[in-house]
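Chain residues, written in single-letter form:
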Amino acid sequence: MSLCRALIAVLSGIILGSLSVSAHAIPQQGPTGNFYDFVPGSFSWTDARTGALGLSHLGQPGFLATVTSSAEDAFLATLAPLGWLGGTDQPLEGTWKWADGPEANQTFWLGGPGGSAPSGIYTNWGPGNPDNGGGNQNFLLRGPGGWDDFNGTQGYYVEFLTPEPTTLLLFGTTAAGLGLARWRARPRKQEAAKTSAALYE
Ligand SMILES: [Ca+2]
Ligand SMILES: [Ca+2]
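Analysis parameters
- Residues numbered from 1 in each chain as written.
- Chains lettered and ligands numbered in written order.
- Predicted model: local features only at pLDDT ≥ 70, side-chain atom pairs only at ≥ 80, totals over all residues.
- Helix = DSSP H or I, 4+ residues; strand = E, 2+ residues; numbered from the N terminus.
- Buried ≥ 20, exposed ≤ 12 C-beta atoms within 10 Å, placed from the backbone.
- Contact = placed C-beta atoms within 7 Å.
- Core = buried A, V, L, I, M, F, W, Y, C linked by C-beta atoms within 7 Å.

(A) Structural detail: the overall build of the protein. In terms of helices and strands, the protein carries 4 helices and 10 strands. Starting at the N terminus and walking to the C terminus, you meet the elements of the protein as α-β-β-α-β-β-α-β-β-β-β-β-β-α. Residue burial in the protein is summarised as follows: out of 201 residues, 31% are buried. The contacts of the protein with a sequence gap of at least 6 include a subset with a gap of at least 24, amounting to 56%.

Below you can see the structure in the form of structure tokens.
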């Protein structure tokens, strides 16, 4: 098996893995090393959360993005200007927590527009937010003007953790194995044809 053929097999495996994410764009690797995708459309935050949790990329399950740095926030802006993030204060008004992913259940903000973040925690609220407008804004939306607590329908940002090296190896090995099996099958077929031809010579 040539090295070139093996490389093609490995790359095919990675591409096929990416395609399993479905109709939207192939997830992009961001400054954290994690991968990100934007799902356009009109989803309630709850439906967006369910959608994100149902996606996977390179064997890693998705979750509504948890933004923990300005670099990560800026990267999301390159995917789409506006969409849901994984934060909510629905269980307890004014206590903002991440719902899923590595920061699940971590508090990132306490209070209203004059509230505060726990020490060292990144936030990017837009002016006057979170204002709990109308008394029922409980979900985190990011946009060009910063973060907003919001209650409506939007597209959403999905985050996938960096695949473990063993996962990548497994993807590569499986793809390479398939390539090797095909390569081995060919000469056998040719030999079988030669054998049957020899019987009639
Ligand atoms: Ca609220
Ligand atoms: Ca708001």
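Moving on, there is more to tell.
(B) Highlighting the nonpolar core. Counting residues in each nonpolar core, the largest one holds 31 residues, and the members touching the most others are Leu 64, Ala 65, Trp 84, Tyr 156, Tyr 157 and Val 158. Counting residues per element, this core draws most heavily on strand β2 (residues 35-43), which supplies 5 residues. Contacts of Leu 64, omitting those with residues within four sequence positions, involve Ala 48, Arg 49, Ala 52, Trp 84, Leu 85, Gly 86, Ala 99, Asp 100, Tyr 156, Tyr 157 and Val 158.

(C) Molecular detail of the environment of Phe 35. Among the structural elements, Phe 35 can be located in strand β2. A count of 22 C-beta atoms within 10 Å places Phe 35 in the buried class. In this structure, the C-alpha to C-alpha distance between Phe 35 and Phe 160, residues 125 residues apart in sequence, is 5.0 Å. Those residues in contact with Phe 35 that sit more than four places away from it in its chain are Pro 27, Gln 28, Gln 29, His 57 and Phe 160.

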